[in-house]
Every structure is written in structure tokens, then in C-alpha cells.
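Working through the structure, step by step
Here are the chains, one letter per residue:
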Amino acid sequence: MSTLEFLALSNMVNSSEAMFDRRRRILRVARKMIGSDGLENFNMRDLGKKADVSTRTIYNAFGSKETVIALAIYTFFEKLESFKIKTLKK
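On inspection of all chains with the given rule, the structure shows 1 aromatic pair. For the pair Phe 76 and Phe 77, a centre-to-centre distance of 5.2 Å together with 80 degrees between the ring planes defines the contact as edge-to-face.

Below is the structure:
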């Protein structure tokens with residue numbers, strides 16, 4: 001777990017595995033939305049609908065729209081770097 005993810009999770013130390021799975025799903029959907037529609041069209045209501053959670057759940061899990069965006073972008077680049085390393089090892 002990265003430092004950024006740890007800081008975002010700090011208010012969830014007693015959360016269930018289901019909540020962590022929900023957070024991962026929200027971030028996955030957020031990455032897709034940002035990638036396809038751009039940041040200027042990103043909004044929490046659409047994210048909630050597409051991730052099948054309430055907007056309140058997103059705010060409870062992440063605190064702010066900015067945190068969702070930051071973590072979505074961060075995890076994208078983290079996955080990209082991991083892919084690059086795996087590709088270079090081949």
C-alpha cells in the first residue's frame with residue numbers, strides 16, 4: 001500500500017473488507033471515467049451511479065472529490081510503472 005493510499009485510508013482503520021473492496025471498485029471506475037471523459041467532466045454523482053454506490057458512500061470513504069481524483073491518477077501511474085517494469089524484464 002502506498003503512502004497516499006495509507007493516508008486516504010487512515011480514517012477507515014476499522015473498516016470491513018467489503019468497504020475496502022468498494023473503495024477499489026470506486027477507484028477503478030473513477031480511472032475509467034477520467035480516462036474516457038476527462039477531468040472536466042468528472043463528477044461524483046456519475047461516479048456513484050457507475051460504481052453502484054451512493055455519493056455519500058464515496059464521500060465517507062474518501063473525504064473529497066479531490067482525494068478520489070488524486071488516488072485514481074496515482075494508482076493509474078502506479079499500475080503503468082509496474083507494467084513497464086514487467087515488460088522490461090521480458
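More follows now that the structure is in view.
Below, the discussion takes up the nonpolar core. Residues Ile 26, Phe 42, Leu 47, Ile 58, Phe 62 and Val 68 are the most contacted members of the largest nonpolar core, which totals 19 residues. Those elements that provide at least two residues to this core are α2 (17-37), α3 (44-51), α4 (55-62) and α5 (65-89). Examining the composition of this core, we find that 7 residues originate from one element, α2, more than from any other. Excluding its chain neighbours within four sequence positions, the residues that come into contact with Ile 26 are Leu 47, Ala 51, Val 53, Ile 58 and Phe 62.

The next subject is a nonpolar patch on the surface. The grouping of Leu 39, Ile 73, Phe 76 and Phe 77 at the surface amounts to a nonpolar patch, some 360 Å² of accessible area in total. Inspection of the secondary structure puts Phe 77 in helix α5. You can call Phe 77 partly exposed: its relative accessible area is 46%.

Okay, the packing of α3 against α4 next. Running from amino to carboxyl end, α3 crosses α4 at an angle of 100 degrees, the nearest separation of the two axes being 8 Å. Between α3 and α4, the crossing angle belongs to the class labelled roughly perpendicular. Judged by residue contacts, Met 44, Arg 45, Leu 47 and Gly 48 of α3 engage Thr 55, Ile 58 and Tyr 59 from α4. Class assignment of the residues belonging to the contact of α3 with α4 gives a composition of 4 nonpolar, 2 polar and 1 charged.

All right, on to α2 then. For α2, with 21 residues, the first-to-last C-alpha span of 30 Å sits near the 30 Å given by 1.5 Å per residue. Gly 38, located one to two residues past α2, shows a positive phi value of around 85 degrees.

Their axes nearest at 11 Å, the elements α2 and α4 cross at an angle of 105 degrees. In terms of axis orientation, α2 runs roughly perpendicular to α4. From α2, Met 19, Arg 22, Arg 23, Ile 26 and Leu 27 reach across to α4, where they touch Thr 57, Ile 58, Ala 61 and Phe 62. The residue inventory of the contact of α2 with α4, partitioned by class, reads 6 nonpolar, 1 polar and 2 charged.

Conventions we followed
- Residues numbered from 1 in each chain as written.
- Predicted model: local features only at pLDDT ≥ 70, side-chain atom pairs only at ≥ 80, totals over all residues.
- Heavy atoms only, no water.
- Phe/Tyr/Trp six-rings, centres within 6.5 Å; stacked < 30°, edge-to-face > 60°.
- Core = buried A, V, L, I, M, F, W, Y, C linked by side-chain atoms within 4.5 Å.
- Buried < 20%, exposed > 50% of the residue type's maximum accessible area, 1.4 Å probe, protein only.
- Helix = DSSP H or I, 4+ residues; strand = E, 2+ residues; numbered from the N terminus.
- Contact = heavy atoms within 4.5 Å.
- Patch = residues over 30% accessible without salt bridge, like charges linked within 9 Å, V, L, I, M, F, W, Y side chains within 5 Å.
- Areas by Shrake-Rupley, 256 points an atom, 1.4 Å probe, with all protein chains shown as cover.
- Salt bridge = Lys/Arg side-chain N within 4 Å of Asp/Glu carboxyl O.
- Axes fitted to C-alpha atoms, helices over the stretch in contact; angles between N-to-C directions.
- Parallel < 35°, antiparallel > 145°, perpendicular 65-115°, else oblique.
- Nonpolar A, V, L, I, M, F, W, Y, C, P; charged D, E, K, R; others polar.
- Expected span 1.5 Å × (residues − 1).

Function-wise, these values are silent; they only describe arrangement.
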